[in-house]
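# Secondary and tertiary structure notes
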Amino acid sequence: MAAKTNPGRFFEDYKLGEVIKHAVPRTVSGGERALYHALYPSRFALASSDEFARASGLAAAPMDDLITFHTVFGKTVPDISLNAVANLGYAEGYFRKPVYTGDTLRSESEVIGLKQNSNGKSGVVYVRTTGRNQRDDVVMDYVRWVMVRKGDLDAPAPETVIPDLAKVVAPADLVIPDGLDFSSYDFTQAGEPHRWGDYEIGEQIDHVDGVTIEEAEHMMATRLWQNTAKVHFDATFRPDGQRLIYGGHVISMARALSFNGLANAQLIVGLNGGAHANPCFSGDTVKAWTEVLDKAETTAPGVGALRLRLVATKGGAPFQLRGEDGKYLPEVLLDLDYWALVPI
């Protein structure tokens, strides 16, 4: 009798061009919002207040953009990264529609690249994941690549195909939510006075605060997104006996910490790139800093866009990213490049 349990896919199980429809759609509610704000110190006004959102031209407060990301991402884990060694990076990410309480999200992924590692024990799988709501609207899509173990070391290596990915989402391609209007923006309620024009390209912002990662909280957060990757829960899965902190947990923590200095970066609309530079474990204290990489105007009234590099660290001085060898410093956890919408 065939086994009924799912051991997860291994590198040799992926085929170029394959489209994988992921199981278990998820209806999001105010519970996700409340628990998200309990797990992370997130205070962005647009995702916190229906009244602030309505004054900004939206129907109600949307879910935090990263709730959308985690939910869409979590659906993919049993099919893409259950046997992952590490999630390596992101590109070409578009947040296309706000997600509201009561929306139901589902995901599918297309395999767009494969490359076996030289050790023959693992390989890198590139997928483009699309998240849709109950009306079949695309709410977000992105590319990620993940290192996955081989189950059969004798399985032949596939033809190497590495997708040609854009280095940055073009400002003209950013999708501004319908009706968004910051022309009557309430800076007092938002928490800081800083406008789009107050930020300069090359400016660096130390977000000052830090949060020590707790074992129970990171596992609760990862379960919240129905992410089942073994490395986050099973202490016997890694040779060092440690549970690896889900990279998205670090992303949300760093984004929440960035409120101090970027309180008016209300919406994430583009994900240009990202790398989980070094592993994070329970007991590490996450701090964050940001560099302003670019600025762009939009067609929405009172709305500008900032391209931001968000760096999460577990120690060391701010604004230090790479060593003389060009490699990430060992204290760097995350290097995330994204576009955010701010009031002009």
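Structure: see above.
These figures come from a predicted structure and were not determined experimentally. (Residues numbered from 1 in each chain as written. Predicted model: local features only at pLDDT ≥ 70, side-chain atom pairs only at ≥ 80, totals over all residues. Heavy atoms only, no water.)

### Some thoughts on the packing of aromatic side chains
For clarity, the threshold we go by: Two rings from Phe, Tyr or Trp (for Trp, the six-membered ring) form a pair when their centres are within 6.5 Å of each other. A pair whose planes differ by under 30 degrees is stacked, one over 60 is edge-to-face, and the rest are tilted. Residue burial is assigned from relative accessible area. The probe radius is 1.4 Å, only protein chains are included, and a residue is buried under 20% of its type maximum, exposed over 50%, and partly exposed in between. Strands are runs of DSSP state E lasting at least 2 residues, helices are runs of H or I lasting at least 4, and numbering of each runs from the N terminus.
All chains considered together, the criterion is met by twelve aromatic pairs. Considering the side-chain rings of Tyr 36 and Tyr 40, the 4.8 Å spacing of their centres and the 55° angle between planes classify their relative orientation as tilted. Judged by relative accessible area, which is 1%, Tyr 36 ranks as buried. With 5.7 Å between their ring centres and 70° between their planes, Phe 69 and Tyr 90 make a pair best called edge-to-face. One end of the pair, Phe 69, is in helix H4 (residues 65-80); the other, Tyr 90, is in strand E3 (residues 84-95), and 21 residues separate them in sequence. Its relative accessible area of 2% is what places Phe 69 among the buried residues. Joined through ring pairs, the aromatic side chains of Phe 69, Phe 73, Tyr 90, Tyr 142 and Tyr 246 make up one cluster.

### So, the packing of helix H1 (residues 30-39) against helix H6 (residues 215-224)
So the rule is basically this: Interaxial angle, 0 to 180 degrees, is taken between N-to-C directions of lines fitted to C-alpha atoms, where a helix line uses only the stretch in contact. Convention used here: angles under 35 degrees read as roughly parallel, angles over 145 as roughly antiparallel, angles from 65 to 115 as roughly perpendicular, and any remaining angle as oblique. For a crossing to be left-handed, the near helix must be turned anticlockwise from the far one by less than a right angle; the clockwise case is right-handed. Any pair of residues with heavy atoms lying within 4.5 Å of one another is described as a contacting pair. The residue classification treats Ala, Val, Leu, Ile, Met, Phe, Trp, Tyr, Cys and Pro as nonpolar and Asp, Glu, Lys and Arg as charged. All others, Gly included, are polar.
Across the interface, H1 lies against H6 with an axial gap of 11 Å and an inter-helix angle of 155°. Here H6 runs roughly antiparallel to H1, going by the angle between their axes. The chirality of how H1 crosses H6 is left-handed. Only Glu 217, Met 220, Ala 221 and Leu 224 of H6 make contact with H1, whose side of the interface consists of Glu 32, Leu 35 and Leu 39. Of the residues in the contact of H1 with H6, the class split is five nonpolar, no polar and two charged.

### Concerning the pattern of salt bridges
Note the cut-off: Each salt bridge in this description consists of a side-chain nitrogen of Lys or Arg and a carboxyl oxygen of Asp or Glu lying within 4 Å of one another.
Enumeration over the complete set of coordinates arrives at 14 salt bridges. One salt bridge connects Glu 92 with Arg 128, and the closest N-O pair in it is separated by 3.0 Å. You can see Glu 92 sitting in strand E3 and its partner Arg 128 sitting in strand E5 (residues 122-132), a full 36 residues away along the chain. Classification of Glu 92 as buried rests on a relative accessible area of 14%. Its salt-bridge partner being Asp 141, residue Arg 96 comes within 2.4 Å of it at the nearest N-O pair. With a gap of 45 residues between them, Arg 96 in the loop between E3 and strand E4 (104-116) and Asp 141 in strand E6 (residues 138-149) connect regions that are remote in the sequence. Residue Arg 96 is classed as partly exposed on the basis of its relative accessible area of 30%. Through salt bridges with shared partners, a single ionic network connects Asp 103, Arg 135 and Asp 137.

### Regarding the pairing of strand E8 (residues 267-276)
Working note: regular strand, side chains alternate between the two faces of the sheet. The cut-off we apply is this: Two strands form a pair only when DSSP identifies at least two bridges running between them.
Among the ten residues in E8, ten count as buried, and that is most of the element. Of the pairings in the sheet, the one linking E3 to E8 comprises five bridges and is antiparallel in character. Residue pairing for E8: Gly 93 is matched across the bridge by Leu 271. As defined by bridge partners, E8 adjoins strand E11 (residues 332-343) across eight bridges and the pair is classed as antiparallel. What sits directly across from Ala 275, in E11, is Asp 335.

### Topic: the nonpolar core
Put simply, the test is: In this description, a nonpolar core means a group of buried Ala, Val, Leu, Ile, Met, Phe, Trp, Tyr and Cys residues linked to one another through side-chain atoms lying within 4.5 Å.
Within the largest apolar cluster, 55 residues are counted, with the highest numbers of intra-cluster contacts made by Tyr 40, Phe 69, Trp 225, Val 286, Leu 306 and Tyr 338. Discounting chain neighbours no more than four positions away, the residues touching Leu 306 are Trp 196, Tyr 199, Leu 262, Val 292, Asp 294, Lys 295, Tyr 338, Trp 339, Ala 340 and Val 342.

### Here we look at unusual backbone geometry
You will see that Val 24, though not glycine, has its phi angle at about 65°, which is positive. Among the secondary structure elements, Val 24 is positioned in the loop between strand E1 (19-21) and strand E2 (26-27).

### What about the pairing of strand E9 (residues 285-297)?
Across six bridges, strand E7 (residues 204-212) lies against E9 in antiparallel orientation. Each bridged residue has a counterpart across the sheet, and for Asp 206 the counterpart in E9 is Trp 289. Judged from the ten bridges that link them, E9 and strand E10 (residues 303-313) form a sheet pairing that is antiparallel. Bridge pairing links Trp 289 to Val 311 in E10. Between E9 and E10, which pair antiparallel one after the other, the connecting turn spans five residues, and Gly 302 there sits at a positive phi close to 75°.

Everything listed here is a matter of coordinates, which is why it stays silent on function.
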